[in-house]
Amino acid sequence: MSIDFSNKKRSTRLAHLGMAVCDEQTILAPVSMPVVRTSTVVFNTVEALHEAEAQKARGERATVYGRYGLCTRNALEDVFCELEGGERCFLAPSGLSAITTAILSLVKHGDHLICSDGVYGPVRIFAQRILHKMGVEVDFVDLTKPEVLLQHIKPNTVGLYLEAPSSLFLRMLDLPALSKLAHEHNLWVMADNCWGSGVAYRPLDLGADISVLAGTKYVNGHSDLLIGAIVLKDETHVQAMNTGHYALGVSVSADDAWLTTRGARTIELRMKQQAQNALEVIAALEQMPEVLTIYHPAYEKDPDHALWKRDATGSNGLMTIELALTPEQMCVFTNSLELFSIGFSWGGYECLIQWVETEAAKNHAFWQDRGQQVARLHIGLESPQDVIADLKQALQKALSV
Ligand SMILES: *Cc1c(COP(=O)(O)O)cnc(C)c1O
């Protein structure tokens with residue numbers, strides 16, 4: 001019996017995506033789809049192979065070789081389309097590779113891009129060391145005021161790349177206004193949606209043409225793999241992405257795709273809980289005089305809270321705080337935390353801390369160096385009471401040096 005999922009809610013669809021198809025001979029199926037690993041795909045007949053090649057050449061979703069995978073990877077593409085509200089998805093082996101593949105597929109020598117200044121750090125390296133060499137120039141701009149975009153559009157500007165909320169300070173952008181202005185000037189709009197992961201924020205609903213994200217973060221949610229996705233709103237850029245994705249040799253393992261589909265079944269629950277835990281931790285941080293600023297758009301005192309309320313559909317466990325500590329105290333604070341591991345990334349089930357170098361903070365035009373320490377905290381699924389107690393004891397130790 002096949003169920004019509006078109007009239008069902010997202011939670012229902014996420015629970016059922018990637019279920020196994022019934023074997024017609026045994027009339028049985030496992031609940032969850034098996035992992036289908038393969039290096040190549042074999043065809044029954046020459047005609048079948050030619051038909052698949054013709055479909056692929058037209059930009060349709062067809063498998064002619066192992067790099068595209070079979071049902072296991074198709075299931076994950078469906079998951080990303082479901083989360084982001086997109087038509088087509090191309091998988092990549094990491095979030096960063098999704099970003100670079102998507103941009104490389106759309107630019108040519110002589111093009112110019114505009115990029116919001118708060119984007120994920122490695123995007124700057126990609127622009128400065130790779131795109132620059134190819135003759136593609138990128139301007140990093142504070143787009144807090146959408147109309148600023150117009151001052152930076154040149155005759156050769158082809159696209160707008162942005163991230164909201166931004167990496168590090170989680171600043172919101174007026175994506176609907178920016179998309180409108182960009183489209184009036186024939187630019188494509190691409191958004192990094194790692195923060196929202198389709199649950200807390202949906203760039204395609206807000207005007208973007210392409211959403212790129214790391215399944216590494218909340219979609220997989222278990223800190224045990226890297227994966228990325230390029231999700232397209234409609235057919236407009238499908239051919240370009242199909243060609244770029246093919247020619248760059250981008251591929252993901254079936255095992256990682258399967259694990260990510262499994263993780264996605266609980267993404268709504270995890271993000272909701274982690275968002276709630278984060279607000280509980282913020283309520284405690286607010287009471288600590290050494291905590292100067294808390295950046296978290298769902299926090300009502302965040303400068304971008306109104307924009308978050310208007311555009312976001314949820315939140316998560318990520319926050320950045322500024323502390324009135326000396327570098328020595330900050331080091332003791334970080335080392336003394338028991339529940340927070342020191343490391344990059346986020347979106348898993350566990351607490352993480354990253355002491356941020358001020359050089360990275362300076363990429364954000366609004367940020368001012370007043371000698372404060374900056375830390376990014378990711379609040380996991382641990383009990384908020386335990387997390388708060390941990391932060392308090394580490395701060396005590398830091399203040400005693
Ligand atoms: C982590 C992250 C990425 C890159 O994802 P990887 O899978 O680690 O390559 C891109 N953008 C943002 C905002 C991220 O936080």
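Refer to the structure printed above.
Residues numbered from 1 in each chain as written. Predicted model: local features only at pLDDT ≥ 70, side-chain atom pairs only at ≥ 80, totals over all residues. Heavy atoms only, no water.

Another point: the environment of serine 223. With respect to the secondary-structure elements, serine 223 resides in the loop between strand S6 (210-214) and strand S7 (228-232). For serine 223, a relative accessible area of 40% puts it in the partly exposed group. Taking the C-alpha atoms as reference points, serine 223 and glycine 347, separated by 124 residues in sequence, lie 7.5 Å from one another. The contact partners of serine 223, leaving out residues within four places of it in the chain, are Gly348, Tyr349 and Glu350. (Helix = DSSP H or I, 4+ residues; strand = E, 2+ residues; numbered from the N terminus. Buried < 20%, exposed > 50% of the residue type's maximum accessible area, 1.4 Å probe, protein only. Contact = heavy atoms within 4.5 Å.)

Here we come to the site of the ligand. Around the ligand lies a shell of 14 residues, among which Gly95, Leu96, Asp192, Thr216 and Lys217 are the nearest. With respect to the ligand, the side chain of tryptophan 346 contributes an N or O atom lying 3.5 Å from an oxygen atom. Bound to the protein, the ligand loses 92% of the 380 Å² it would expose on its own. Examining the composition of the shell around the ligand, we find that 3 residues originate from one element, helix H4 (residues 95-106), more than from any other. Each residue belonging to the shell around the ligand can be placed in one class, and the counts come to 7 nonpolar, 4 polar and 3 charged. (Near = heavy atom within 4 Å. Polar contact = N/O pair within 3.5 Å; in protein donor to acceptor, adjacent residues only side chain to side chain. Areas by Shrake-Rupley, 256 points an atom, 1.4 Å probe, with all protein chains shown as cover. Nonpolar A, V, L, I, M, F, W, Y, C, P; charged D, E, K, R; others polar.)

Among the residues of helix H5 (residues 121-131), those classed as buried are Val123, Arg124, Phe126, Ala127 and Leu131. Axial view of H5: buried residues confined to an arc of 160°, hence all on one face. Lining the buried residues of H5 we find H4, strand S2 (112-116), strand S3 (137-141) and strand S4 (157-163). (Arc of directions from axis to C-beta.)

Glancing now at the sheet that holds S6. Read across the sheet, 7 strands follow the order S1-S7-S6-S5-S4-S2-S3 without closing on themselves; strand pairing throughout is mixed. This sheet does not close on itself; its edge strands, each paired only once, are strand S1 (88-92) and S3. Recorded for the sheet is a direction-independent mean angle of 20° between the axes of neighbouring strands. Sheet topology note: the S2/S3 ladder contains 5 bridges and is parallel. Opposite isoleucine 114, over in S3, you have aspartate 139 as the bridge partner. With respect to the sheet, H4 is in contact with S1, S2, S4, strand S5 (188-192), S6 and S7, its orientation differing from that of S6 by roughly 155°. Lying on the sheet, H5 is in contact with S2, S3 and S4; it crosses S3 at an angle near 150°. (Pairing = 2+ DSSP bridges. Axes fitted to C-alpha atoms, helices over the stretch in contact; angles between N-to-C directions.)

Moving on to the nonpolar core. Formed by 53 residues in total, the largest nonpolar core has its most connected members in Phe80, Leu149, Leu160, Trp195, Tyr201, Val231 and Ile267. The element that contributes the greatest number of residues to this core is helix H3 (residues 71-84), accounting for 5 residues. Every residue in contact with leucine 149, bar those within four places of it in the chain, is listed here: Ile114, Leu143, Leu160, Leu178, Leu181 and Ala182. (Core = buried A, V, L, I, M, F, W, Y, C linked by side-chain atoms within 4.5 Å.)

Along the chain, aspartate 209 falls in the loop between S5 and S6. Buried charge without a salt bridge: aspartate 209, with lysine 233 as the nearest opposite-charge side chain at an N-O distance of 5.1 Å. Only 2.9 Å separates the side chain of aspartate 209 from the side chain of histidine 183, close enough to count as a polar contact. Those residues in contact with aspartate 209 that lie beyond four places of it in its chain are His183, Leu187, Trp188, Val189, Leu204, Val231, Leu232, Lys233 and His237. (Lys, Arg positive; Asp, Glu negative; His and termini not counted. Salt bridge = Lys/Arg side-chain N within 4 Å of Asp/Glu carboxyl O.)

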